[in-house]
Amino acid sequence: MNLPSTIFVLRWLINDTFRQARSNGVYWFMLGVSVICIFVCLSIGVSGNVPESEEGVTYLPKGDPRINKILPDDKSVVVVDGEITFAFGAIRAQATRPRDQEVRFIQWSLIGLVADTLGVLMALIWTAGFLPTFVNPSTAAVLLAKPIPRWTLLFGKFIGVLVFVAFQVTIFAVGTWFALGLRTGYWDAQYLLSLPLLLIHFSVFFSFSALLAVTTRSTVTCIFGTMLFWLICWAMNYGHHMVAKIGEEMSPVAYGLMEAGYWILPKPADFGVILIDTLQAGNVYAPPFDVTKLSWSPVLSILSSCLFGLIMLLFAAREWITTDY
């Protein structure tokens, strides 16, 4: 198959994925979640006497009892007097940080909690039925009758799902970034660097879902199998760092198994820490573990996770190629 034919097939599979997402409501549901989050961001207001934070300065919220101990000439401690409003002022809360840190905390809550944790898991659930339907014998028999390599169909459908998720994630990230910028005046472009990280996080685990799809052809298995696998990977990732932090002595066999499990499996907890570092949100949100005390490399963490996803996708392609229809 030549390049123009490959491009045509890929474009058709991407369009078919969007058509499938619209027909089963996933497209509109994910878009609706993004619209709600954007509307919430448009209703937020942040005010305060300290617009920008500085290094080496301790910020205390108004009413903190430690304020009484501050010396009049102590410039290393600043009292923050301001508030955060939601629902266009209907809900008000005392600001505890400078305005830029408050905005960064909101950004982390949106990307780190709503998108990276809940969003990735929900996206895996909502897209779990795309591939089992695609590899169903009644559908596959029609597709395989065409003079197209099997691997092209599988990889094309996989890319179609990634393009669909990337489209939805872009609407969410750019929309909330723009809404917060309009309301607060802070236009932190680093917020948009979360886009590739979120897509990589999703693609790694969706490749495992693809393997389940071609081996079982069951949407239910893809959903529960991928969720269980994500939890196992998170537990392995978190447990590895906690054991290393505590410095607990382990037998060589146990230590070797722990290291092997950490480096072989994807690392969802690491993705969260990398997002915190990317958004420079370490001073407003404490990561689940202090990576500064670990021999830890963000680049190797991402690359090893991507390698696992690629291997799963290759196994899925092999199963798809050798299956009789």
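It should be noted that the structure appears before, not after, this text.
Residues numbered from 1 in each chain as written. Predicted model: local features only at pLDDT ≥ 70, side-chain atom pairs only at ≥ 80, totals over all residues. Heavy atoms only, no water.

Draft legend 1. Main features of helix H10 (residues 268–278). Burial runs high along H10: 10 of the 11 residues are buried. Within H10 the residues assigned to the buried category are Pro268, Ala269, Asp270, Phe271, Gly272, Val273, Ile274, Leu275, Ile276 and Thr278. At the exit of H10 stands Gln280, carrying a positive phi of roughly 55°. (Buried < 20%, exposed > 50% of the residue type's maximum accessible area, 1.4 Å probe, protein only. Helix = DSSP H or I, 4+ residues; strand = E, 2+ residues; numbered from the N terminus.)

Draft legend 2. Structural detail: the packing of aromatic side chains. Applying the stated criterion across every chain yields a total of 18 aromatic pairs. A centroid spacing of 4.9 Å and a plane angle of 75° characterise the contact between Phe29 and Trp126, whose relative ring orientation is edge-to-face. Within this pair, whereas Phe29 is found in helix H2 (residues 26–42), its partner Trp126 is found in helix H3 (residues 99–126), the two being separated by 97 residues in sequence. On the accessibility criterion, Phe29 (49% relative accessible area) is partly exposed. (Phe/Tyr/Trp six-rings, centres within 6.5 Å; stacked < 30°, edge-to-face > 60°.)

Draft legend 3. View of the sheet that holds strand S5 (residues 91–94). Across the sheet, three strands lie side by side as S1-S4-S5; this open sheet has antiparallel pairing. Sheet topology places strand S1 (45–48) and S5 at the edges, where each strand pairs with a single neighbour. Going from strand to strand, the sheet's axes swing by 20° on average, the running direction of each strand aside. Where S1 and strand S4 (residues 82–86) come together, four bridges link them in antiparallel fashion. (Pairing = 2+ DSSP bridges. Axes fitted to C-alpha atoms, helices over the stretch in contact; angles between N-to-C directions.)

Draft legend 4. Summary view of the environment of Gln107. Within the secondary structure, Gln107 sits in helix H3. A residue is classified by how much of its surface remains accessible, and Gln107, at 2% relative accessible area, is buried. Distance in space between the C-alpha atoms of Gln107 and Asp188 is 9.5 Å, their sequence separation being 81 residues. Discounting chain neighbours no more than four positions away, the residues touching Gln107 are Gly112, Trp177, Leu180, Asp188, Tyr191 and Leu279. (Contact = heavy atoms within 4.5 Å.)

Draft legend 5. View of the pattern of salt bridges. Applying the stated criterion across every chain, the model contains four salt bridges. The partner of Asp16 in a salt bridge is Arg19, with the nearest N and O atoms 2.9 Å apart. Residue Asp16 and its partner Arg19 are both found in helix H1 (residues 3–23); the two are separated by three residues, about one turn of the helix. Looking at Asp16, the relative accessible area reads 13%, which means it is buried. By relative accessible area, which is 43% here, Arg19 ends up partly exposed. Ionic pairing is found between Asp188 and Arg104, a salt bridge with its closest N-O pair at 4.0 Å. (Salt bridge = Lys/Arg side-chain N within 4 Å of Asp/Glu carboxyl O.)

Draft legend 6. Structural view of the nonpolar core. Core analysis: the biggest nonpolar cluster contains 77 residues, and Ile111, Phe164 and Phe202 have the highest contact counts within it. Those residues in contact with Ile111 that sit more than four places away from it in its chain are Asp116, Phe172, Tyr191, Ser194, Leu198, Leu275 and Leu279. In terms of nonpolar packing, the next biggest core, distinct from the first, is built from five residues, Val57, Tyr59, Val80 and Ala95 among them. (Core = buried A, V, L, I, M, F, W, Y, C linked by side-chain atoms within 4.5 Å.)

Draft legend 7. Region of the structure containing unusual backbone geometry. Positioned with a positive phi, Ala87 is a non-glycine residue whose angle comes to about 55°. Tracing the backbone shows Ala87 in the loop between S4 and S5. Unlike most non-glycine residues, Arg217 shows phi in positive territory, near 55°. Within the element layout of this structure, Arg217 appears in the loop between helix H7 (194–216) and helix H8 (219–246). Assessed through its relative accessible area of 32%, Arg217 is described here as partly exposed.

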